[in-house]
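# Understanding the architecture of this molecule
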Amino acid sequence: MRIAVLGSGPVGTALAKGYTRHGHEVRIGNRTGVAEGFDAGHYADVAAWAELVVLAVRGEVSEELVRGLALELEGKVLIDATNPLDHSTGRPELFVGFDDSLGERVQRAAPGARVVKAYNTVGNPLMVDPDLVGGPPTMFLAGDDDAAKATVVALLEDTGWDTADLGGIESSRHLEAMCMAWVAHGLRVGSWGHAFKLLRG
Ligand SMILES: NC(=O)c1ccc[n+]([C@@H]2O[C@H](COP(=O)([O-])OP(=O)(O)OC[C@H]3O[C@@H](n4cnc5c(N)ncnc54)[C@H](OP(=O)(O)O)[C@@H]3O)[C@@H](O)[C@H]2O)c1
């Protein structure tokens, strides 16, 4: 699959490396159009080229960036891996929540994109082929388009994940709060190699 990863930070590079290892054709998009070690271009060019797009930029810029790419994203699966984190107090807090979410804002910014919230509840080193005691962790996801979610579930299962669908894009409110639980545990124990797993009876 032709996958564009928008963002060349830790998440963008971890996903780009992992997807490449799994045989996908990958390009990174960012502001300079250059990402060392990867095929890269400006956001709009790689989004237009791709079959599937992953949003992996700073949460504060997600909505505005996606609004500007609405045309390129029309009809495409857009995985939103971003979190609405405000770092200004020194301890990360959500800048949206309870009655809205960044996932919903991203979907509203590009109504023709088929947005699936995923990857936001785990650290980047585990995003592709997580290898943890206790078996595959669970990637929780949300989105309004069932076919888009099926595509993302197939990609996740192929890259080492169990999955759990939380429903429509409004469940991003829960997923973004889960990110805070993941961060709180990391701050408390001082390590970041943990992931959630859903046990089913
Ligand atoms: N780090 C993790 O393990 C982790 C885990 C789960 C979710 N997330 C979420 O994933 C997203 C990416 O996180 P990250 O840790 O990889 O790095 P980040 O520092 O949050 O984001 C880096 C990317 O954001 C882009 N960016 C920054 N300001 C921009 C602007 N004004 N306009 C356009 N692009 C801009 C940068 O573009 P340039 O390359 O052009 O500078 C870069 O590609 C965040 O929303 C984060 O909350 C992170």
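### As for helix α7 (residues 172-189)
A rise of 1.5 Å per residue sets the reference length of α7, with its 18 residues, at 26 Å; its end C-alpha atoms lie 26 Å apart and thus fit the reference within 8%. Residues Ser172, Leu175, Glu176, Met178, Cys179, Met180, Trp182, Val183 and Gly186 constitute the buried set of α7. Where α7 is buried, its residues contact β6 (85-86), β7 (93-94), α5 (102-109), β8 (114-117) and β9 (138-143).

### Things to note about the side chain of His194
The topology assignment puts His194 in the segment after α7. Setting aside chain neighbours within four positions, we find His194 in contact with Val122, Leu126, Trp182, His185 and Gly186.

### Some words on unusual backbone geometry
If you check the backbone angles, Phe98 has positive phi at about 70 degrees while not being a glycine. Tracing the chain through its elements places Phe98 in the loop between β7 and α5. Even without a glycine there, the phi angle at Asp129 is positive, about 55 degrees. Tracing the chain through its elements places Asp129 in the loop between β8 and β9. By relative accessible area, which is 33% here, Asp129 ends up partly exposed.

Cut-offs applied
- Residues numbered from 1 in each chain as written.
- Predicted model: local features only at pLDDT ≥ 70, side-chain atom pairs only at ≥ 80, totals over all residues.
- Heavy atoms only, no water.
- Helix = DSSP H or I, 4+ residues; strand = E, 2+ residues; numbered from the N terminus.
- Expected span 1.5 Å × (residues − 1).
- Buried < 20%, exposed > 50% of the residue type's maximum accessible area, 1.4 Å probe, protein only.
- Contact = heavy atoms within 4.5 Å.

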